[in-house]
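Structure assessment
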Amino acid sequence: MNKVMYSIAVLFLFACKSNEKKTEANTNEAPVVKVASYSEAFDASFENVLNRYYALRDALVDSDTAAANQAAALLIRSADDLKLDELKSVDTNNIIIPTAQTYTGGISSESTGLLGERNIEGKRKAFQMISGNLFDLTRTVRYSKEKVYLLHCPMAFNDTGADWLSSSTEIKNPYFGSKMLTCGAVKDSVVLR
């Protein structure tokens, strides 16, 4: 009887050790997140949209209406030239491209509206809409070449709040410029690396 109990105890310990090793092996493995890989042409065109947007944001931070107009005109061209046809291989359900076209159209039309605004406050209001469209576009196409942060200023537009995008978490508020340069916080991000 003692031999049987001893054998059961040894088997039990062996089984427990075997499960521990399996658990350890599973916890050491990093989860795999599948990120779409796009062509260099698409990535370059999307990076161009982001850079033109960042130039517009910086012009608004500086309260420079002439630079804002120049950046908005270039942003329109970049949004219209975005190489969405390069996404055909991953858009098997024909959802990504039409959705992205909606957002690029919004970026172009709001940028055109920004050009028509005479004062900096009107330009900032149009910029708010551009920011929303660009963040949604970034999430739709799952752009993965750089981190894109969504920053938020709760005091913009009479405390209704407004968002903007950045490649860093540093706060440079385009809605108030030098009046309240560091007002804001990180609200969300698209980090697909």
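Analysis parameters
Residues numbered from 1 in each chain as written. Predicted model: local features only at pLDDT ≥ 70, side-chain atom pairs only at ≥ 80, totals over all residues. Heavy atoms only, no water. Helix = DSSP H or I, 4+ residues; strand = E, 2+ residues; numbered from the N terminus. Buried < 20%, exposed > 50% of the residue type's maximum accessible area, 1.4 Å probe, protein only. Phe/Tyr/Trp six-rings, centres within 6.5 Å; stacked < 30°, edge-to-face > 60°. Core = buried A, V, L, I, M, F, W, Y, C linked by side-chain atoms within 4.5 Å. Contact = heavy atoms within 4.5 Å. pLDDT = per-residue confidence, 0-100. Pairing = 2+ DSSP bridges. Axes fitted to C-alpha atoms, helices over the stretch in contact; angles between N-to-C directions. Parallel < 35°, antiparallel > 145°, perpendicular 65-115°, else oblique. Left-handed = near helix turned anticlockwise from the far one by under 90°. Nonpolar A, V, L, I, M, F, W, Y, C, P; charged D, E, K, R; others polar.

Take the environment of N51 next. With respect to the helices, strands and loops of the structure, N51 is situated in helix 2 (residues 40-61). A relative accessible area of 39% means that N51 is categorised as partly exposed. C-alpha separation for the pair N51 and S78, spaced 27 residues apart in sequence, amounts to 9.5 Å.

Taken as a whole, this structure holds 7 aromatic pairs when the rule is applied. Centroid distance F157 to Y175: 5.4 Å. Interplanar angle 70°. Geometry classified as edge-to-face. Residue F157 is located in helix 6 (residues 156-159), and its partner Y175 is located in the loop between strand 2 (162-166) and strand 3 (185-190); the two are separated by 18 residues in the primary sequence. By relative accessible area, which is 3% here, Y175 ends up buried. Between the aromatic rings of W164 and Y175, the centroid separation amounts to 6.1 Å while the plane-to-plane angle is 70°, which identifies the pairing as edge-to-face. Separated by 11 residues along the polypeptide, W164 in strand 2 and Y175 in the loop between strand 2 and strand 3 bring together distant segments of the chain. Assigned by exposure class, W164 and Y175 land together as buried. Joined through ring pairs, the aromatic side chains of Y53, Y54, F127, F157, W164 and Y175 make up one cluster.

What follows covers the nonpolar core. With 47 residues, the main nonpolar core has F46, Y53, L56, L134 and V141 as its most contacted residues. Elements that contribute at least two residues to this core include exactly helix 2, helix 3 (65-80), helix 4 (96-116), helix 5 (120-141), strand 1 (148-153), helix 6 and strand 2. At 9 residues, the largest contribution of residues to this core is made by helix 2. Among all residues touching L134, those that are not within four sequence positions of it are F46, V49, L50, Y53, I107 and L165.

On to the confidence of the model for the protein. Low pLDDT marks stretches whose predicted atomic positions should not be read closely. Here the protein averages 84 in pLDDT, and 79% of its residues register 70 or above. Across the protein, helix 3 holds the top mean pLDDT of 98, while helix 1 (residues 2-28) sits lowest at 46. Contacts for the low-pLDDT stretch residues 9-35, under 50 throughout, to residues beyond four places or in other chains number 3 contacts.

We now examine the sheet that holds strand 1. Across the sheet, which stays open at both edges, the 3 strands sit in the order 2-1-3 with antiparallel pairing between neighbours. The sheet terminates laterally at strand 2 and strand 3, the two strands that pair on one side only. With strand direction ignored, the average angle separating the axes of adjacent strands in the sheet is 30°. The strands touched by helix 5 within the sheet are strand 1, strand 2 and strand 3, with strand 2 carrying the most contacts at an inclination of about 55°.

Packing of helix 3 against helix 4 leaves a shortest axis separation of 9 Å and a crossing angle of 155°. The angle between helix 3 and helix 4 falls in the class roughly antiparallel. Judged by the twist between their axes, the crossing of helix 3 over helix 4 is left-handed. Facing helix 3, whose interface residues are A68, N69, A72, A73, L75, I76, A79 and D80, helix 4 presents T104, I107, S108, S111, T112, L114 and L115. Broken down by class, the residue content of the contact of helix 3 with helix 4 amounts to 9 nonpolar, 5 polar and 1 charged.

Non-glycine residue N94 carries a positive phi angle of around 55°. Mapping N94 onto the fold places it in the loop between helix 3 and helix 4. Take N94: its relative accessible area is 55%, and that puts it in the exposed class.

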